[in-house]
Amino acid sequence: MEFEGKTEKEAIDKAIETLGLERDEFDVEILESRKTSLFKKGCVKIRVHINKPEEEEEEIPAEEEIAEETAVEVEETTVIEKLEADGEFEPKLLAFVEELLEKMAYPGKAYICFRKENKIGIMVESEHSGILIGKKGKNLDAIQLLVNVYAGKLMEEPPRIILDVEKYRERRESNLVKLALRTAEQVRRTKRSKLLEPMNPFERRIIHTALNDMEDIATKSDGDGLMKQVRVIYREF
């Protein structure tokens, strides 16, 4: 079915109202997008494809479950480098992280795991890894933000602090690459665009990079604000 509106959102809202469906129950193919000009009004025409249960893609497991299921495996099969805290800056960072976790009632041990150009990695070991990570890494991102704010108080131009728990970020990146490739195959098969879940800039960059070399697949970010969605698009060549 096709719907038309002044904007893509208006056309999608009409589809939702007419079909009585939730937004995640159908995909949107943009048939026409015309900007407002002196003589014509702006217009977006879309075609709606209702998702069938058998065509639904496998969902990425909740990050809390990933953390709990893989924490032991990571400890047994992967050796995480533990570096000695250097100078005055790094010991203060580690102390801040551990004190913050203690006040949150989810204590853990923090240590330096890498140093790169203008970046320092801090790894946290904790029995509460699933909670510290949170759904889709939101808790971890929030804690990382606080640590970077604190780093800015310690020095004028501090390195960026990358906070991780039980190598979650590495596993998340691997899952996102798999999601990107799986979605690209689905889009290639159906020749219909697919809109992924809202992601932060770092996660969207992983999706774009994973599909960048595919001639028949294009990606673009949709939405406003920090959390945007990546649209995977089929293109003929």
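See the structure printed just above.
All values reported here derive from a predicted model rather than from experimental measurement.

Draft legend 1. Fine view of the pattern of salt bridges. If you walk through the whole model with that rule in mind, you get 16 salt bridges. A salt bridge links Glu-125 to Lys-82; its shortest N-O distance comes to 3.5 Å. Of the two residues, Glu-125 is situated in strand β5 (residues 119-125) and Lys-82 in the loop between α2 (63-77) and α3 (89-103); the sequence distance between them amounts to 43 residues. Glu-125 sits in the partly exposed class, given a relative accessible area of 30%.

Draft legend 2. How the structure looks around the sheet that holds strand β9 (residues 228-234). Reading across the sheet, the three strands line up as β7-β9-β8 and stay open at both edges, with antiparallel pairing between neighbours. For this open sheet the edge positions go to β7 (194-199) and β8 (217-222), each flanked by a neighbour on one side alone. Across this sheet, the average inter-strand angle for adjacent strands is 25 degrees, counted without regard to direction. The pairing of β8 with β9 spans six bridges and is antiparallel. Each residue of the ladder has a partner; that of Asp-222, found in β9, is Gln-229.

Draft legend 3. Summary view of the packing of aromatic side chains. Inspection of the entire model under this criterion finds one aromatic pair. Where Phe-96 meets Tyr-150, the ring centres are 4.1 Å apart and the plane angle is 5 degrees; that geometry is what we call stacked. Of this pair, Phe-96 sits in helix α3 while Tyr-150 sits in helix α5 (residues 138-154), and the two are 54 residues apart along the sequence. Geometry around Tyr-111 places Lys-82 over its ring, the cationic atom sitting 5.0 Å from the centre.

Draft legend 4. Molecular detail of unusual backbone geometry. Positive phi values are uncommon outside glycine, yet Lys-167 reaches one of about 60 degrees. Residue placement: Lys-167 occurs in the loop between β6 (160-165) and α6 (168-190). With a relative accessible area of 16%, Lys-167 lands in the buried category.

Draft legend 5. Region of interest: the environment of Ser-129. Along the polypeptide, Ser-129 turns up in helix α4 (residues 129-133). Sequence separation between Ser-129 and Tyr-168 is 39 residues, and the spatial gap between their C-alpha atoms is 9.1 Å.

Reading the values: rules and limits
Residues numbered from 1 in each chain as written. Predicted model: local features only at pLDDT ≥ 70, side-chain atom pairs only at ≥ 80, totals over all residues. Heavy atoms only, no water. Salt bridge = Lys/Arg side-chain N within 4 Å of Asp/Glu carboxyl O. Helix = DSSP H or I, 4+ residues; strand = E, 2+ residues; numbered from the N terminus. Buried < 20%, exposed > 50% of the residue type's maximum accessible area, 1.4 Å probe, protein only. Pairing = 2+ DSSP bridges. Axes fitted to C-alpha atoms, helices over the stretch in contact; angles between N-to-C directions. Phe/Tyr/Trp six-rings, centres within 6.5 Å; stacked < 30°, edge-to-face > 60°. Lys NZ or Arg CZ within 6 Å of the ring centre and 35° of its normal.

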